[in-house]
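Single-letter residue listing:
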Amino acid sequence: MSVMSPRPESSGSRAADPGSAAIRIRGLAKAFPGHLGIGRKVALPGLDLDVPSGEIFGLLGPNGAGKTTTLKLLLGLLRPDAGEIEVFGLPHTAAEARARLGFLPENPYFYDYLTAEEFLDFYGRLHGLDASERGDRVQRALRRVGMEGRGKTPLRQCSKGMVQRVGLAQAIQHDPQLVILDEPMSGLDPIGRRQVRDLIQELKAEGKTVFFSSHILQDAELLCDRIAILEKGSLRFSGALRELLPSQIRGFEVTLRGANLENLPAEHLWAGEEETTLLVADAVELERLLAECRSRELLVVSIWQRRESLEDLFLRELGQEPGGES
């Protein structure tokens, strides 16, 4: 859903200042009553976070890390116990700040007796869009999320993935400068996920800021300029992906096919009926293995470079590397 507020005429589609902070969070704290109202459960002990304008920023963490709580505080759906939140240099509760953002919740629940077009027109009215422009914006938003031609379908007849697309359409139809998405790939098939990834990249190309939470690390690695990792409400890691993930090769995975695969100079990773995958540490060992393959007349099916991935970084920062303590 979008966070509604009267739209000041000065906001519209005004571009954000390059290099400025779209979101600035300082000392953000929130606790909830414990079980049966006994004690307090701390969700965020005091979060500091900056999200630069014009970038795609991923908020990552395991279940219960505080991702959704952070988003709800940012949107004004919850009140913080302490701390400050600014959106484009304004208090996050200011009308102008709220008018410049759009939001898709993790599990959207909409008026399911409305068609997709009626629903989007309703949200356009709440945003103060003129009747003369609402129709065009509705159709454009539906096209951008892959729902063209389905605007007259009642939401109650839509699949979870279709509802997710309609929710994304309402988050962007008023042309916000900041788009906040809570698990945007939830319920989508591979085609839908690809379309949403493409849309997020389009929004960035238009100069908009996209701030999303996700547990799908592959999507975050493909999309994000920067990430932050939360654990139990505390910031464990934050920075630019190009700086966080080293570019050096960590080894090579080589898949071979043939009859004589015994005692090759490499670590076995996987063995099937027809193919075997081996791991070598560097280019020198790779050349030694390939020379041995040639002498044995083995077929090299593939060679894949192993590099540090976001999953490796995520698990390491949470102390859950394979073979390590969790």
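(A) Layout of the packing of aromatic side chains. Taken as a whole and judged by the stated rule, the model has six aromatic pairs. Relative to Y113, the ring of Y111 lies with its centre 6.3 Å away and its plane at 50°, an arrangement referred to as tilted. Among the residues examined, Y111 registers a relative accessible area of 41% and is labelled partly exposed. Residue Y113 is classed as exposed on the basis of its relative accessible area of 55%. Ring geometry for F122 and Y123: centres 5.6 Å apart, planes at 90°, overall edge-to-face. Note on F122: relative accessible area 30%, which makes it partly exposed. Clustering of aromatic rings is evident, with ring pairs tying together F110, Y111, Y113, F119, F122 and Y123. The ring centre of F88 lies 4.2 Å from the NZ or CZ of R100, which sits over that ring.

(B) Here's a closer look at the environment of A21. Take A21: it is sitting in strand β1 (residues 21-33). Overall, A21 belongs to the partly exposed group, its relative accessible area being 30%. In the structure, A21 is positioned 242 residues away from N263 in sequence and 57 Å away in space, judged by C-alpha atoms. In contact with A21, other than residues within four places in its own chain, are V51, P52, S53, F88 and G89.

(C) The arrangement of the sheet that holds strand β14 (residues 299-306) in detail. Here we have four strands laid out as an open sheet, ordered β12-β13-β11-β14, and antiparallel in their pairing. Looking at the sheet topology across the chains shown, the edges are occupied by β12 (267-271) and β14. The sheet shows a mean angle of 25° between the axes of neighbouring strands, taken without regard to direction. Here helix α9 (residues 283-296) sits on the sheet in contact with β11 (251-257), β13 (275-280) and β14, set at roughly 10° to β11.

(D) Fine view of the sheet that holds strand β5 (residues 90-91). With antiparallel pairing, four strands are arranged side by side in an open sheet as β2-β1-β4-β5. Every interior strand has two partners, whereas the edge strands, β2 (40-52) and β5, have only one. Relative to strand β4 (residues 82-87), β1 runs antiparallel, the two being bridged by five bridges. In the sheet register, R26 faces β4, and the bridge partner there is E84.

(E) Up close: the side chain of D219. Residue placement: D219 occurs in helix α7 (residues 217-223). Under the relative-accessibility criterion, D219 is labelled buried at 0%. Setting aside anything within four residues of it in sequence, one finds D219 in contact with M185, R193 and R197.

(F) The packing of helix α3 (residues 116-126) against helix α5 (residues 160-172), seen in detail. Contact pair α3 / α5: the axes reach a minimum separation of 10 Å and the direction vectors enclose 30°. By the criterion of interaxial angle, the relationship of α3 to α5 is roughly parallel. The chirality of how α3 crosses α5 is right-handed. Residues A116, F119, L120 and Y123 of α3 form the contact with α5, whose own contacting residues are V166, A169 and Q170. Classifying every residue of the contact of α3 with α5 by side-chain character gives six nonpolar, one polar and no charged.

Cut-off values and rules
- Residues numbered from 1 in each chain as written.
- Predicted model: local features only at pLDDT ≥ 70, side-chain atom pairs only at ≥ 80, totals over all residues.
- Heavy atoms only, no water.
- Phe/Tyr/Trp six-rings, centres within 6.5 Å; stacked < 30°, edge-to-face > 60°.
- Buried < 20%, exposed > 50% of the residue type's maximum accessible area, 1.4 Å probe, protein only.
- Lys NZ or Arg CZ within 6 Å of the ring centre and 35° of its normal.
- Helix = DSSP H or I, 4+ residues; strand = E, 2+ residues; numbered from the N terminus.
- Contact = heavy atoms within 4.5 Å.
- Pairing = 2+ DSSP bridges.
- Axes fitted to C-alpha atoms, helices over the stretch in contact; angles between N-to-C directions.
- Parallel < 35°, antiparallel > 145°, perpendicular 65-115°, else oblique.
- Left-handed = near helix turned anticlockwise from the far one by under 90°.
- Nonpolar A, V, L, I, M, F, W, Y, C, P; charged D, E, K, R; others polar.

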